[in-house]
Amino acid sequence: MALLEAKHITKQFGGLTAVNDVSLTVEAGSIVSVIGPNGAGKTTFFNVLTGIYKPTKGTIIFDGKDITGLRPDQITALGICRTFQNIRLFNAMTVLENVLVGMHTRLHAGLWQILFGTPSVRAEERASLERARELLRFVNLDHQRNQLARNLPYGDQRRLEIARALASSPKLILLDEPTAGMNPQETAEATNLIRRLRDELGITVVLIEHDMRVVMTISERITVLDYGTKIAEGLPEEIRSNPRVIEAYLGKGAAAHGVERVEG
Amino acid sequence: MATDNRQVDQPASLWTQLRTMAGRGPAPYVLILAYAAIVSALLLVNPTTGLGTDMVVVLFLLLMFVIYRAPTILAFKLTLGTILLAVVMPVFGVLNPFYIDVVTKAGMFAALALGLNVVVGFAGLLDLGYVAFFAVGAYLWGIFSTPQISNIVSGMEPLHGSWFWLFLAIGLAVGAFFGVLLGLPVLRLRGDYLAIVTLGLGEVIRVLATNLDRPINITNGAQGIKDIGRPPLFIEPVFQAFGITISQVQEYRLYFYFLVLLVLALTVFVVHRLNNSRIGRAWTAIREDETAAIAMGIPLVRMKLLAFAVGASFAGTMGVIFSALQTFINPPTFDLLRSIGILSMVILGGMGSIPGTILGAVIVTLLDLQLLPRIASELAALQRRGVPIPAWFDPAQYQRLLFGLLLIIMMIFRPEGLLPEDRRRQELHHDEPEPAPVSKTVKPAAESAQSAEG
Amino acid sequence: MAVEATTGAELILTRRSFRSFMSEVFGPLLQVFLFVVGSAVALGGVVILLAVVLRGTREDIDLLQGTITILPQVIVDGLVRGFLYATIALGYTMVYGVLEFINFAHGEIFMVGAFVGAFFGAALASSGMLTTINPILFVIAAVLLGMAVSGLLAMSVERIAYRPLRNAPRLVPLISAIGVSLVLQDVMRMIAVNTGLGFNAQFRTPDLGQPLVLAHMPIADERTIPVSVDSRSLIFIVVAILMLIGLNYLVNITKLGTAIRAVAQDRPTASLMGIDVNRVIAITFLIGGALGGAAGILFGMRVGTINPYVGFLPGLKAFTAAVLGGIGNITGAMVGGIVLGFLEAFVASYLSLFTRGQFSGASYADIVAFSILILILIFRPSGLLGEVVAQKV
């Protein structure tokens, strides 16, 4: 069953077309990668999916509902959450609080309930703390929970972003370059974590990634964007040998030289 | 390595030792009680007005913060604090009316500053027109309790003072309503634009207050409204029971002192509750990174409006109290300088920090109403005795200079304020035994660590 | 032969650059001129229409005739207000262009300029030269003096109160700027009160001549009333136009202007290209401050009496003008100033007339200005001339 269906998405800024008629179907329980050279429109595409930009044209169906034009918070409440290319944590908050913020859409305490400290609010707070700790343990950050987010090392910040996204209990998580700036060891760990998101938590994953080794190991399907247009889509093996993809990455003439350079 | 550390620590070690000693066992209790006893005795034995008493009052307020920070049990803090504020201060107030007025004002500004702190400190929205909501509350009671109301609703008589209590709640609601009304159009704006627009809105309210004496006389224009109603007194019997007779003026003084104290306590409670809830976390998230906050599912406009409305509602209520306390209001009371004065309280104490904001309000009010005028009069006295002090040097006249320097210096050297908010302490009430029940989908920590490494 | 060829090429080059020179220096002014005419015609049309519609509501006076009688004066008033806001707005917009920072204290820089003029006038008066000095010389000297003091002051403020905060979160330098503005108000008050100039300082000038009568307008029963511009307004408009020409030359033609525009576009890249960013920012404050100072002198000269708080409202409105025109855009600031100035002048003059004096136009003009600010920010935050920029995520 398709969890996400983006149909003919186009996004224009003034005269610039950042995303041009891109369609993407994501099956529930799969891991899908969106790749492409810098400036291909991948992040803009994510921003359209999560409601930060409204698409100029096209529709997005998520879990059977049309979510085109909904506000980002409504989309998150329906079950799509994301991380950012350049990490965007709430720096002055603790690790634990970052995760608690992620839970916002799943908590229901209203103004008056909070003011009167009703038992339901207290129970909810307790439960959310438990849940946040669980998530932190899942990404192996529980021991850091009282640190301020800004004091975490880089790799931990990436994992915290994932934990924060998980806190909204998403059905679909969008990861924007989750291994950017990592060394091979950290990259391997991150790859593993992404796989566990799907295998253990049953969350569907869409990621933007530049590291071809990561893409080729974990994705079940790959979509390739170039200049805002989808130029290829398929299984990793198909993408690996697709001449248009090689051309997009390495320029004309490189296609003849084969595949290895794409991977490197 | 170890020796290095010791060398670095050495200059502070005497201080550290003293602190550990003062914080151990019964020492803090004894020290604080001694401090409290000395200060109370000084206040009650010599209740004259002068530089000496000024200093003792400062020490008294400092004592509040010492109690707040001291490593003692909560019950001790609460008991001592209550005795000092509810017994020592009022008795001193009966003996010397000047200082309790200053303390009442400080409490009022602390509550106002806490409201602004919700907007600026928690949600990160720089509101330069905050005093507008204060004005709305003040004019609300000012109009309804004086003959002004007859100009608007013909035949309606000014309300009796006992309506004041209801108007505290109405002030809250009207403040919140105006907060939403003014907030709705502007809260989509980015931070610095928002600051200028709220400043403009604040000015609009002031201009309206000045000009709405025509075509219908609503605000009585630049002359302002006088003889604003006060709530009826009911604490007289309490004093008579003790055989004390006090004048009505003194009684009102105590009345408003306790009222302000009560409202301040309520404000602290509300702000604290909100800050430690999903709403408070959402505000902080918005302050830290709006885009990330939206992506985490936080409804941006609704949360900002809520912050605006909460802040404005405190201001509305304090406005009602202010107009009854002063019995006179006019448009210049609510100018930009007042907004900036409240802002500098928040910034001095620490944006986002509740104790910091109260500290900031107390310091700024004391400086503004008590210490600077006192220094000015002492200087004038010296000058009369022939000490060459230039005539233009009158510290009481330079409020703007004071606020301005305060803002610049704080921004350059300590933008987080004197008592910064402490995020790390938040979780203290949840230090219960470790591994909570693990759900089926999530593996225990050790295992997940292993698999992440593998 | 070879020599001739080079000369030919150079000639073409100069001719070409002369044309681009003209278009870059005077093009923006042409745009400003179009907005002046447009605003005057549009608003004039609106009030005349309103007068026709509301004619029946007043028996005491002929509304249409009253409207037309004061119209020329209102247009002159709009021009003066417009150029006032335009010159101050330039300071906001240039600083915003390079730093994305609202220099809240700019209104006070303007106020200091006005006081420099008042001091200059007082100094001349006390030495007895005020009656003998050539009025034109006086205006030039006062404007230059005001520009120098305000420019240097703006530069020092940047150095002391803004530069240490350049990488702090957005609101931090803004709060510092609010502080600077309060400090400048009180320091100026301290100086003015203690040097004998007084809180309400008189701006003394030599005799600047009689009002210039432009035409005689016939009204009913064969009387005419003179349509005139007073000399101070005229000086204001002329000097403001000269400054705008100078600024356009500076920004669009000179190497320094290129550097400023480069820093505004992309600070890190500009510094990689060998531009001393700190210096460029300092100079931007110098230029913006100098323009503000000149505006202060002209303003003081026109109104005659100033006080230390006189910078606040014009500052706020000039910021509105900068936003109206598209903040960061120099031509936009001028256009925004003109449009706002005209709107205000019309509201100030006609609101009382049309509401039988129930609403005082002068007070509600402020409300109109702020309402415009809010509406613009909500519906077209990029302003009249700005471009729509995508939010960066």
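Only a predicted model underlies this, so the values are computations on that prediction, with no experimental measurement involved.

The helix and strand tally for chain C stands at twelve helices and four strands. On C-alpha atoms alone, chain C measures out to a radius of gyration of 23 Å, which is about the 21 Å that the 2.2 N^0.38 rule sets for 393 residues. Projecting the C-alpha coordinates of chain C onto the three principal axes gives extents of approximately 75 × 60 × 55 Å. By element, 67% of the accessible surface of chain C is carried by carbon and sulfur atoms, the whole surface being about 17400 Å².

Residue and element names in this part refer to chain A. At Ser169, a position not held by glycine, the phi torsion is positive, near 50 degrees. Along the chain, Ser169 falls in the loop between helix H6 (154-166) and strand E7 (172-176). Not every positive phi belongs to a glycine, and Tyr227 is a case in point at roughly 45 degrees. Mapped onto the fold, Tyr227 is located in the loop between strand E9 (221-226) and strand E10 (229-234).

Time to look at empty space enclosed by the protein. All names here are of chain C. All chains considered together, the criterion is met by five cavities of 30 Å³ or more. The computed volume of the largest cavity comes to approximately 80 Å³. Along its surface, the largest cavity is lined by 13 residues, and Tyr92, Phe104, Phe312, Gly315 and Leu316 are the ones closest to its centre. For the lining of the largest cavity, the element with the most residues is helix H10 (residues 312-325), which contributes four residues. Split by residue class, the lining of the largest cavity holds eight nonpolar, four polar and one charged.

Okay, the sheet that holds strand E4 (residues 57-62) of chain A next. The strands making up a sheet associate through backbone hydrogen bonding, with each pair oriented either parallel or antiparallel. Residues and elements named next belong to chain A. Pairing is antiparallel across the open sheet formed by four strands, whose spatial order is E2-E1-E4-E5. With one partner strand each, in any of the chains shown, strand E2 (16-27) and strand E5 (65-66) form the two edges of the open sheet. One ladder, built from two bridges, connects E4 with E5; its direction is antiparallel. Across the sheet, the residue bridging to Phe62 is Lys65, located in E5. Each of strand E1 (2-13), E2 and E4 touches helix H1 (residues 42-49); the most contacted strand, E1, lies at about 115 degrees to it.

Turning next to the interface of chain C and chain B. Facing the 44 residues of chain C at the interface are 43 residues of chain B. For the pair chain C and chain B, the two sides together bury roughly 4000 Å², of which 77% comes from carbon and sulfur. It is Ile175(C), Leu182(C) and Met190(C) that lose the most area in chain C upon contact with chain B, and together they represent 14% of the buried surface on that side. At the junction of chain C with chain B, the criterion picks out zero salt bridges.

All names here are of chain C. Spanning 27 residues, helix H9 (residues 277-303) covers 38 Å between terminal C-alpha atoms, matching the ideal 39 Å at 1.5 Å per step. The opening residue of H9 is Asp276, an N-cap whose side-chain oxygen sits 3.3 Å from the backbone nitrogen of Asn278. Two residues or fewer past H9, Gly304 is found with a positive phi of approximately 90 degrees.

The next thing to look at is the interface of chain B and chain A. The partner chain A presents 50 residues to the 46 residues of chain B that form the contact. Between chain B and chain A, the buried area comes to about 4500 Å², and carbon and sulfur atoms account for 58% of it. Where chain B touches chain A, the interface holds two salt bridges. Glu125(A) serves as the salt-bridge partner of Arg281(B), at 3.1 Å between the closest nitrogen and oxygen. Where chain B meets chain A, there are nine residue pairs in polar contact (both at pLDDT 80 or more). Taken together, the residues of the side of chain B that touches chain A break down into 21 nonpolar, twelve polar and 13 charged.

The next thing to look at is the side chain of Glu161(A). All names here are of chain A. With respect to the element layout, Glu161 can be found in helix H6. For Glu161, a relative accessible area of 1% corresponds to the buried category. Engagement of the side chain of Glu161 in a polar contact is seen with the backbone nitrogen of Phe84, the distance being 3.2 Å. Here Glu161 is in contact with Thr83, Phe84, Ile87, Arg88 and Leu89, once residues within four sequence places are set aside.

Time to look at helix H4 (residues 135-162) of chain C. In an α-helix, one turn spans 3.6 residues, which is why side chains three or four residues apart end up on the same side. In a regular helix each residue adds 1.5 Å, so 28 residues correspond to 40 Å; H4(C) covers 38 Å between its end C-alpha atoms and thus fits that length. Buried-residue contacts for H4(C) involve helix H17 (399-413) of chain B together with helix H3 (106-126), helix H5 (171-194), helix H6 (231-252) and H9 of chain C. At the N-terminal boundary of H4(C), the capping side chain belongs to Asn134(C), with an oxygen 2.9 Å from the backbone nitrogen of Ile136(C).

Let us look at the side chain of Ser30(A). Residues and elements named next belong to chain A. Secondary-structure assignment places Ser30 in the loop between E2 and strand E3 (31-35). Taking the relative accessible area as the measure of exposure, Ser30 reaches 10% and is therefore buried. Here Ser30 is in contact with Arg198, Thr204, Val205 and Glu220, once residues within four sequence places are set aside.

Our focus in this paragraph is the environment of Val32(C). All names here are of chain C. Looking at the secondary structure, you find Val32 in helix H1 (residues 2-54). For Val32, a relative accessible area of 2% puts it in the buried group. Residues Val32 and Val95 lie 63 residues apart in sequence; the distance between their C-alpha atoms is 21 Å.

Time to look at the packing of helix H4 (residues 74-95) of chain B against helix H11 (residues 248-275) of chain B. Residue and element names in this part refer to chain B. Look at H4 against H11: their axes get within 10 Å of each other, and the N-to-C directions meet at 150 degrees. In this view, H4 runs roughly antiparallel relative to H11, as classed from their interaxial angle. Helix-helix and strand crossings are classified by hand; for H4 and H11 the assignment is right-handed. Of the residues in H11, those in contact with Leu85, Ala86, Met89, Pro90 and Val94 of H4 are Gln250, Leu254, Tyr257, Phe258 and Leu261. Per-class residue counts for the contact of H4 with H11 are nine nonpolar, one polar and no charged.

Residues and elements named next belong to chain B. You can read the domains of chain B as domain 1 (11-95) and domain 2 (97-420). For domain 1 versus domain 2, the separation of C-alpha centres amounts to 27 Å. Counting residues at the interface gives 21 residues for domain 1, matched by 21 residues for domain 2. Summed over both partners, the interface of domain 1 with domain 2 comes to about 1800 Å²; 77% of that surface belongs to carbon and sulfur atoms. Summed over the three residues of domain 1 that lose the most area to domain 2, namely Asp54, Phe65 and Val94, the buried surface amounts to 29% of that side. Linking domain 1 to domain 2 there are one salt bridge. Among the ionic pairs, Arg374 bridges to Asp54, the shortest N-O distance being 2.5 Å. If you look at where domain 1 meets domain 2, you find six residue pairs in polar contact (both at pLDDT 80 or more).

So, about the pattern of salt bridges. Oppositely charged side chains can form a pair if their charged atoms are brought close together. Inspection of the entire model under this criterion finds 28 salt bridges over all chains. In this structure, the salt-bridge partner of Lys304(B) is Glu290(B), at a minimum N-O distance of 2.8 Å. Highlighted residues: Lys304(B) in helix H14 (residues 300-326) and Glu290(B) in helix H13 (residues 290-295), separated in sequence by 14 residues. Judged by relative accessible area, Lys304(B) falls into the buried class, the value being 2%. Across the pair Lys317(C) and Glu344(C) runs a salt bridge, and its minimum N-O distance is 3.5 Å. Of this pair, Lys317(C) sits in helix H10 while Glu344(C) sits in helix H11 (residues 330-354); the two residues are 27 residues apart in sequence, bridging distant segments of the chain. Note on accessibility: Lys317(C) and Glu344(C) belong to one class, buried. Here the salt bridges share partners, and the residues they tie into one network are Asp77(C), Arg81(C), Arg302(C), Lys317(C), Glu344(C) and Asp366(C).

Quick look at the packing of H10(C) against H11(C) now. Residues and elements named next belong to chain C. Here H10 crosses H11 at 120 degrees, and the two axes come no closer than 7 Å. On the basis of their axis angle, the class for H10 and H11 is oblique. Considering how the two elements wind past one another, H10 and H11 form a crossing that is right-handed. Residue-level contacts link Lys317, Thr320, Ala321, Ala322, Leu324 and Gly325 of H10 to Gly332, Ala333, Gly336, Gly337, Val339, Leu340 and Glu344 of H11. Grouping the amino acids of the contact of H10 with H11 by side-chain chemistry returns six nonpolar, five polar and two charged.

Analysis parameters
- Residues numbered from 1 in each chain as written.
- Chains lettered and ligands numbered in written order.
- Predicted model: local features only at pLDDT ≥ 70, side-chain atom pairs only at ≥ 80, totals over all residues.
- Heavy atoms only, no water.
- Helix = DSSP H or I, 4+ residues; strand = E, 2+ residues; numbered from the N terminus.
- Rg over C-alpha atoms; globule rule 2.2 N^0.38 Å.
- Areas by Shrake-Rupley, 256 points an atom, 1.4 Å probe, with all protein chains shown as cover.
- 1 Å grid on protein atoms, 1.4 Å probe; cavity = no way out; pocket = protein on both sides within 12 Å on 5 of 7 lines; lining within 4 Å.
- Points joined across faces, edges and corners; volume = space filled by probe spheres on them.
- Nonpolar A, V, L, I, M, F, W, Y, C, P; charged D, E, K, R; others polar.
- Pairing = 2+ DSSP bridges.
- Contact = heavy atoms within 4.5 Å.
- Axes fitted to C-alpha atoms, helices over the stretch in contact; angles between N-to-C directions.
- Buried area = accessible area lost by both parts, 1.4 Å probe.
- Salt bridge = Lys/Arg side-chain N within 4 Å of Asp/Glu carboxyl O.
- Expected span 1.5 Å × (residues − 1).
- Polar contact = N/O pair within 3.5 Å; in protein donor to acceptor, adjacent residues only side chain to side chain.
- Buried < 20%, exposed > 50% of the residue type's maximum accessible area, 1.4 Å probe, protein only.
- Parallel < 35°, antiparallel > 145°, perpendicular 65-115°, else oblique.
- Left-handed = near helix turned anticlockwise from the far one by under 90°.
- Domains from an automatic or database assignment.

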